[in-house]
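Working through the structure, step by step
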Amino acid sequence: MMEPRLFRKILIANRGEIAVRVIRACREMGIPSVAVYSEADAESLHVRTADEAVPIGPPPAVESYLDMERIVAAARQTGAEAVHPGYGFLAENSEFARRCEKEGLVFIGPRSEAMELVGDKVRARRAMEKAGVPVIPGFNAVQGSAGEYEAAARKLGYPVMVKASAGGGGKGMRIARNAEDLGPAVDAGRREARSAFGDDSVYLEKYIEDPRHIEFQVLADNHGRTVHLFERECSIQRRHQKILEETPSPALSPELRRTMGETAVKAIKAANYNNAGTVEFLLDAGGRFYFLEVNARLQVEHPVTELTVGLDLVQRQIRIAAGEELGLNQEELRQRGHAIECRIYAEDPRNGFLPSSGRIELLREPAGPGIRLDSGISEGWEVPVYYDPILAKLIVWAENRDAAARRMAAALEDYAILGIQTTIGFLHDVVGHAEFLAGRTTTSFIARNFEAWGRDNENDESRRLAMAAAAFAASGATGRPRDTGRAAAKTATPWISLGRWRIGGGGSHGV
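Keep in mind the model is a prediction, meaning the values are calculated, not measured. (Residues numbered from 1 in each chain as written. Predicted model: local features only at pLDDT ≥ 70, side-chain atom pairs only at ≥ 80, totals over all residues. Heavy atoms only, no water.)

1. Observations regarding helix α13 (residues 424-431)
Of all 8 residues in α13, 8 are buried; the element is thus mostly enclosed. I424, G425, F426, L427, H428, D429, V430 and V431 are the residues of α13 that are buried. (Buried < 20%, exposed > 50% of the residue type's maximum accessible area, 1.4 Å probe, protein only. Helix = DSSP H or I, 4+ residues; strand = E, 2+ residues; numbered from the N terminus.)

Have a look at this one:
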């Protein structure tokens, strides 16, 4: 017997791979979906995947994806009952959640009051301190004078971290290693926070040297039940932004995992939080952990949890928003195997990870047992300059960490995007690095091991690419791919016609 539909229709207030991910979850649940899109995204995959699509304005996000009036109007126009915000844009905007509530639209996320609390980093720190959750020693004034910040930094001891009160994603963060650094760090942090969040409030935390970034996925229903779905390690970062995540963390013992998980549940309850959320911690070399923040949304890295725990988090979000009980007990939840996710960005790792835009001339995607690809792109699509440069997420699962790392390396070798710069080659070298394989993954991993990545072999890579392009052009003249065992493929590509080769650093497969 078919299950009653939880919502008549859901509008997805986002774009790219996360919009496609949510649309597919809706389809599995028998719920029609509505995509919204800017003029720059008219030909995007999420527009073609949804049941309906509504234009919401010009390319700049403030005139489309961040425009609450246009989003609400699109929901009204299409008869949507609920709004899924994805991540980014309005996903953690308590004003938008409140607006949906007032309009009678179900916001698929936490209540606006809980979002408001955890979205204010200083209020959240105070709430956690009151609940007995360990927080990083800090200075909670957000509009202090220069003298007050200096006095607080001396008391905390250098280095200190300047952080945006309304922040996230590494925006507004600056390290001050001495008194001379502090003033410029506060000023720069305020400028960036004002630009990113419209709020220039900053506070100070004691800087933890070379920690691991560990977060716990949590689900909380509207009936008082809260469980955690174990940890994700997100220490591999560039510019304080994650680029690779995995679970389980190689750093956690069963006892530490249990303690941190229980603390995460305590933090969520202290914020009176419902729906899916993530509690982030820093773990120092001595095994001490500190509350960092609550992310009030679906995380980019949620698939690694899904693959190891066996739950669909988007569907769980929808069910909780519809008022269903969780139906899960902590004692019943288990982790199985190991999962790794690599974020595929339109960025140039050789050039400070600068965003790269342009037309995707050729796309070859990996597939096979234990491989999942959450993608928002297609061949021939023009990558716009207006939005976050994430293109896709490549996730692998295997019985253990070594096998997962090998599977990820192989999948990245089979992944190719031509026409723009991407992080594929860089990530391949990360998962093959001896320190990664040994589990020594702290937040300084990229700076410590990859500062000069690509510079040494740039000329070799350019030469290889030129050779590949020339050889591809030559094979195209005949219209017959060389037989490499994959000749049944319908589209001639450099990979099919030339055999295995790769882009980006440390190439082991010549053309």
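So, next bit.
2. Describing the packing of aromatic side chains
One pass over the structure, following the stated rule, counts 12 aromatic pairs. Linked through ring pairs, F353, F426, F445, F450 and W453 together constitute an aromatic cluster. (Phe/Tyr/Trp six-rings, centres within 6.5 Å; stacked < 30°, edge-to-face > 60°.)

3. Regarding the side chain of E301
In this structure, E301 sits in the loop between β14 (289-295) and α10 (302-309). Side-chain polar atoms of E301 contact the side chain of Q299, separated by 3.1 Å. A polar contact of 2.8 Å, which involves the side chain of E301, links it to the side chain of R343. Contact partners of E301, with chain neighbours within four places excluded, come to E215, R232, C234, K242, E245, E341 and R343. (Polar contact = N/O pair within 3.5 Å; in protein donor to acceptor, adjacent residues only side chain to side chain. Contact = heavy atoms within 4.5 Å.)

4. Topic: the pairing of strand β11 (residues 226-238)
Most of β11 is tucked away: 13 of the 13 residues are buried. Bridge count for strand β10 (residues 212-220) against β11 is 6 bridges, and the pairing is antiparallel. Opposite F216, over in β11, you have E231 as the bridge partner. As consecutive antiparallel partners, β10 and β11 are separated by 5 residues, and within that stretch G224 has a phi angle of approximately 95°, a positive value. Relative to strand β12 (residues 241-247), β11 runs antiparallel, the two sharing 4 bridges. Paired with R238 across the two strands is Q241, which belongs to β12. Taken together, β11 and the strand that follows it, β12, pair antiparallel across an intervening segment of 2 residues, in which R239 is found at a positive phi of about 55°. (Pairing = 2+ DSSP bridges.)

5. Some remarks on the packing of helix α6 (residues 121-131) against helix α9 (residues 254-270)
For the pair α6 and α9, the least separation of the axes is 9 Å and the interaxial angle reads 115°. In terms of crossing hand, the pair formed by α6 and α9 is right-handed. Every residue of α9 that contacts α6 at A127, M128 and A131 is listed here: K266, A267 and A270. Across the contact of α6 with α9, the residue classes break down as 5 nonpolar, no polar and 1 charged. (Axes fitted to C-alpha atoms, helices over the stretch in contact; angles between N-to-C directions. Left-handed = near helix turned anticlockwise from the far one by under 90°. Nonpolar A, V, L, I, M, F, W, Y, C, P; charged D, E, K, R; others polar.)

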